[in-house]
Amino acid sequence: MRRLAVQYEVPLHADGARLLEVAPHYGLPLPELCRLFDSLYVSFYKGLGGVTGAMLLGSPTVTREAAVWRRRLGGNPFTVAPYALSCRAAFRAHRGSFDARWRRLQQLAPLLSSTAAEEGGSLRFVPEAPTCCQAHVYLRGDAAALDAA
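For clarity, every value in this text was computed on a predicted model and none was experimentally measured. (Residues numbered from 1 in each chain as written. Predicted model: local features only at pLDDT ≥ 70, side-chain atom pairs only at ≥ 80, totals over all residues. Heavy atoms only, no water.)

Topic: the overall build of the chain
- Within the chain, the regular secondary structure consists of seven helices and five strands.
- Its helices and strands in sequence order give the chain the pattern α-β-α-α-β-β-α-α-α-β-β-α, from N to C terminus.
- Its C-alpha radius of gyration of 20 Å places the chain more than 25% over the 15 Å reference for a compact globule of 149 residues.
- Dimensions of the chain, computed from the C-alpha atoms along their principal axes, are close to 60 × 40 × 25 Å.
- For the chain, the proportion of its 149 residues judged to be buried stands at 23%.
- Accessible surface, the chain: about 10,400 Å² in total, of which carbon and sulfur atoms supply 60%. (Helix = DSSP H or I, 4+ residues; strand = E, 2+ residues; numbered from the N terminus. Rg over C-alpha atoms; globule rule 2.2 N^0.38 Å. Buried < 20%, exposed > 50% of the residue type's maximum accessible area, 1.4 Å probe, protein only. Areas by Shrake-Rupley, 256 points an atom, 1.4 Å probe, with all protein chains shown as cover.)

So, in structure tokens, the structure goes:
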């Protein structure tokens, strides 16, 4: 995609809401992964656990234009200060933990699935071998038994 974006002079934006969660899967340093895009959105509340908030990375032109829209939509330093503090604390607490989370989920997924099967249930991970520290999990079984559990 990067090659085509450059060839056709189209800016490439990434909705990196879960960028920190998926970065270990790509095996690239985060700065190298980010350089593939002209602009990038990074969430502070999804994997990091901040109250709310995000960061937009891009050229000075992009960020200046976005700042105007942030203000038009009611954001200003006074109203966002508590969120910024929450984001900073969450980033400091969780940065660097995503590779370990992913590796742990890769270990847990088959164990949880086999344990559920031994108990007569069905626990299915999608994808079966998690590619990041997040996965969709489907639990099948008798509704009453699942409620009781």
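A word on the environment of Cys 132
- Its location among the elements puts Cys 132 in the loop between β4 (122–126) and β5 (136–140).
- We classify Cys 132 as buried; its relative accessible area is 10%.
- Each C-alpha atom of the pair Cys 132 and Asp 99 lies 8.1 Å from the other, and the pair is 33 residues apart in sequence.
- The contacts of Cys 132, once residues within four sequence positions are left out, are Glu 21, Val 22, Trp 102 and Leu 105. (Contact = heavy atoms within 4.5 Å.)

Remarks on helix α2 (residues 19–26)
- The complete set of buried residues in α2 reads Leu 19, Leu 20, Glu 21, Ala 23 and Pro 24.
- The inward-facing, buried residues of α2 abut β1 (13–16), α3 (30–34), β2 (39–43) and α6 (98–118).
- Directly after α2, the chain includes Gly 27, whose backbone phi takes a positive value near 70 degrees.

Some remarks on α6
- Along its 21 residues, α6 runs 30 Å from first to last C-alpha, staying within 8% of the 30 Å computed at 1.5 Å per residue.
- The axis of α6 is deflected most strongly, by about 25 degrees, at Leu 108, and proline Pro 110 appears within four residues downstream.
- Among all positions of α6, only Phe 98, Trp 102, Leu 105, Ala 109 and Ala 116 are buried.
- Trailing α6 by a residue or two, Gly 120 shows a phi angle of about 90 degrees, which is positive. (Expected span 1.5 Å × (residues − 1). Bend = angle between axes of the 7 residues up to and from the residue.)

A closer look at the pairing of β1
- Of the two faces of β1, only one is covered, namely that formed by Ala 14 and Gly 16; the face formed by His 13 and Asp 15 stays uncovered.
- As paired elements, β1 and β2 share four bridges and run parallel to each other. Within the sheet, the bridge partner assigned to Gly 16 lies in β2 and is Val 42. (Pairing = 2+ DSSP bridges.)

A short note on the side chain of Ser 86
- Within the secondary structure, Ser 86 is located in helix α5 (residues 77–94).
- Since its relative accessible area comes to 16%, Ser 86 is described here as buried.
- Residues contacting Ser 86, with those up to four places away along its chain left out, are Gly 50 and Val 51.

Here we look at the layout of surface pockets
- In this structure, the largest pocket occupies an estimated 440 Å³ of space.
- Taken together, 15 residues line the largest pocket, and the ones lying closest to its centre are Gly 53, Ala 54, Met 55, Leu 56 and Arg 70.
- Of all the secondary structure elements, the ones that give two or more residues to the lining of the largest pocket are β3 (54–57), α4 (60–72) and α5.
- Its residues assigned to classes, the lining of the largest pocket shows eleven nonpolar, three polar and one charged.
- In this structure, the second largest pocket encloses a volume near 260 Å³.
- Around the second largest pocket sit 17 residues that line it, and Leu 20, Leu 30, Phe 91, Gly 96 and Phe 98 are the ones nearest its centre.
- Elements with a minimum of two residues in the lining of the second largest pocket: α2, α3, β3 and α6.
- Ranked by residues supplied to the lining of the second largest pocket, first place goes to α2 with four residues.
- Grouping the constituent residues of the lining of the second largest pocket by class yields 14 nonpolar, one polar and two charged. (1 Å grid on protein atoms, 1.4 Å probe; cavity = no way out; pocket = protein on both sides within 12 Å on 5 of 7 lines; lining within 4 Å. Points joined across faces, edges and corners; volume = space filled by probe spheres on them. Nonpolar A, V, L, I, M, F, W, Y, C, P; charged D, E, K, R; others polar.)

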